[in-house]
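Listed below are the residues making up each chain.
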Amino acid sequence: MAKDIFVSLSTGKNKNAGTKEAPYKNLWKALAVAQDNDVIHIAEGNYPGRMKCGWFKIEKPVSLFGGYSSDFTQRDPLKFKTMFQPKNENNDKKSGALGLLHIELDKSPMTAPKGFHMVIDGIIFDDGFASSYHATKGKPDGFDTGMWLEGPAYNKTADKFPSANRYSIYTATASRGDGTLTIRNCTFVNGSNYAVNINWYKGKVAVINNVFCNNRMLSINVTCSNGSGKIDWECANNTILFTWSRLNDLADMGFAIRNNTNCNADIHNNIIGLNVLTGFDNTKGNPKQKTTKLDNNIFFLNRESDVQMTVSPSIAKVKVDGFEDLEGVDGIESIEGNIDLKDPSIFKGRINARYLNAFLSMKYSEKTKLDPGKCNALRSVLGLPLQGTITTTCDMYANRYPWEEALNLFGAVKDYGAQMPQ
């Protein structure tokens, strides 16, 4: 008995019936009335959340399809832009969510929904105007912001509040349910935390044909929240660029994709490049309790390595030309057909040239100041580590990327990465 619900910010009214001819105005209204398996069709516009809170909470297995014209006669997610793009001035709203889109189904396995198929399709997630940025520090020539700030806000005129530091799509660890979740044809840009952080209880997850550009820590993370079971998930035809580290010291995180314990991952036909640390991270959890197929992906210019994984008793950091050495490693079912990008000119006119140049020219420095006193003198004689302070500097960090230009990454390479949405 599932039904279609229609939402149009420009032509709808919340007192309407929610039909194509009489759509609701606000997405939060549609979510409030939707029942299991309903499909919500969302017209172009920037949807701010209830009272401009900047986030939406889904508590039933429903699907969201964005990218419609205001009269629903056409659908093209890159032309008719359905956006979640909150503002910094609304970060003071009390949050009941950890993501721009927060999915939290019933917490009881007995009463949680089963046999459902949720789809999130054709939505642009951009936290770049909710985040706070330094006015001058880490600001290359021509950039409209300095480096990203976790808090406090540096410039109270431009950014009244600190960055929200939230996921773009988040599913709660306590959420239960047995079904599938598909995320496709979406754009994730300027994320202030993981772009997609999926904790799934039972069923399957698919992250297909999306663009991830300029997000922090991790772009795609899928975990199994069922301690006694496993989930299968597919990561295919995504373009994943500029995933930044946790902090501006570039010391940890900065991964495009991660596989976790009790997850069986099929990762193929993605473009994975320009990530601050590693393209694919497989060091989290027990490698014997997860499987990975990593086939037919394009890797390029990931700062530290293309793949990072546990090869007992240490961690191996490998570029794509050394992938053959990883065959037979615990949990690796297949690692074939992966290539290094041979012709970077395919991205001409698609990657913001100023941002790319600043990233490739990025300078990182570290200064150590030791205590010259007697304590360090004695430690030196005894061969013990010296005490001191370390100061790190980086001349850019997660600066805001022009969100419109992230859309240009769709269709850059035939068969690899995000293709033009259908």
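Source: prediction; values computed, not measured.

Trainee: Can you break down the overall build of the protein chain residue by residue, with the values?
Mentor: Secondary structure summary: the protein chain contains 4 helices and 32 strands in total. In summary, the protein chain has a C-alpha radius of gyration of 22 Å against a globular reference of 22 Å for 422 residues, a match within 12%. Based on the C-alpha atoms only, the size of the protein chain along its principal axes is roughly 80 × 55 × 45 Å. Taken over 422 residues, the protein chain has a buried fraction of 55%. Total accessible area computed for the protein chain in this model is approximately 18,600 Å², and 50% of it derives from carbon and sulfur atoms. Of the side chains in the protein chain, 49 bear a positive and 44 a negative charge, and the two mean positions are spaced by 8 Å.

Trainee: How would you sum up the pattern of salt bridges? Please name residues and give values.
Mentor: Taken as a whole and assessed by the stated rule, the structure comprises 10 salt bridges. Between Glu-104 and Lys-107 there is a salt bridge, with the nearest N and O atoms lying 3.5 Å from each other. When its relative accessible area of 15% is taken as the criterion, Glu-104 is described as buried. With relative accessibility at 53%, the residue Lys-107 sits in the exposed group. A salt bridge links Asp-252 to Arg-246, with the shortest nitrogen-to-oxygen separation between them at 2.9 Å.

Trainee: An account of the environment of Ile-240 is requested, with residue identities and associated values reported.
Mentor: Along the chain, the position of Ile-240 falls in strand E20 (residues 239-244). Discounting chain neighbours no more than four positions away, the residues touching Ile-240 are Phe-212, Ser-219, Ile-220, Ala-256, Ile-257, Ile-271, Ile-272, Gly-273 and Asn-275.

Trainee: Account for the side chain of Lys-290, with residues named and values stated.
Mentor: Within the secondary structure, Lys-290 is located in the loop between strand E24 (278-282) and strand E25 (291-295). Of note is the side chain of Lys-290, whose polar atom sits 2.6 Å from the backbone oxygen of Lys-284. Beyond its immediate sequence surroundings of up to four residues, Lys-290 is in contact with Asn-259, Asn-260, Thr-261, Asn-262, Cys-263, Asn-264, Asn-282, Thr-283, Lys-284 and Gly-331.

Rules behind the numbers
Residues numbered from 1 in each chain as written. Predicted model: local features only at pLDDT ≥ 70, side-chain atom pairs only at ≥ 80, totals over all residues. Heavy atoms only, no water. Helix = DSSP H or I, 4+ residues; strand = E, 2+ residues; numbered from the N terminus. Rg over C-alpha atoms; globule rule 2.2 N^0.38 Å. Buried < 20%, exposed > 50% of the residue type's maximum accessible area, 1.4 Å probe, protein only. Areas by Shrake-Rupley, 256 points an atom, 1.4 Å probe, with all protein chains shown as cover. Lys, Arg positive; Asp, Glu negative; His and termini not counted. Charge placed at Lys NZ, Arg CZ, Asp CG, Glu CD. Salt bridge = Lys/Arg side-chain N within 4 Å of Asp/Glu carboxyl O. Contact = heavy atoms within 4.5 Å. Polar contact = N/O pair within 3.5 Å; in protein donor to acceptor, adjacent residues only side chain to side chain.

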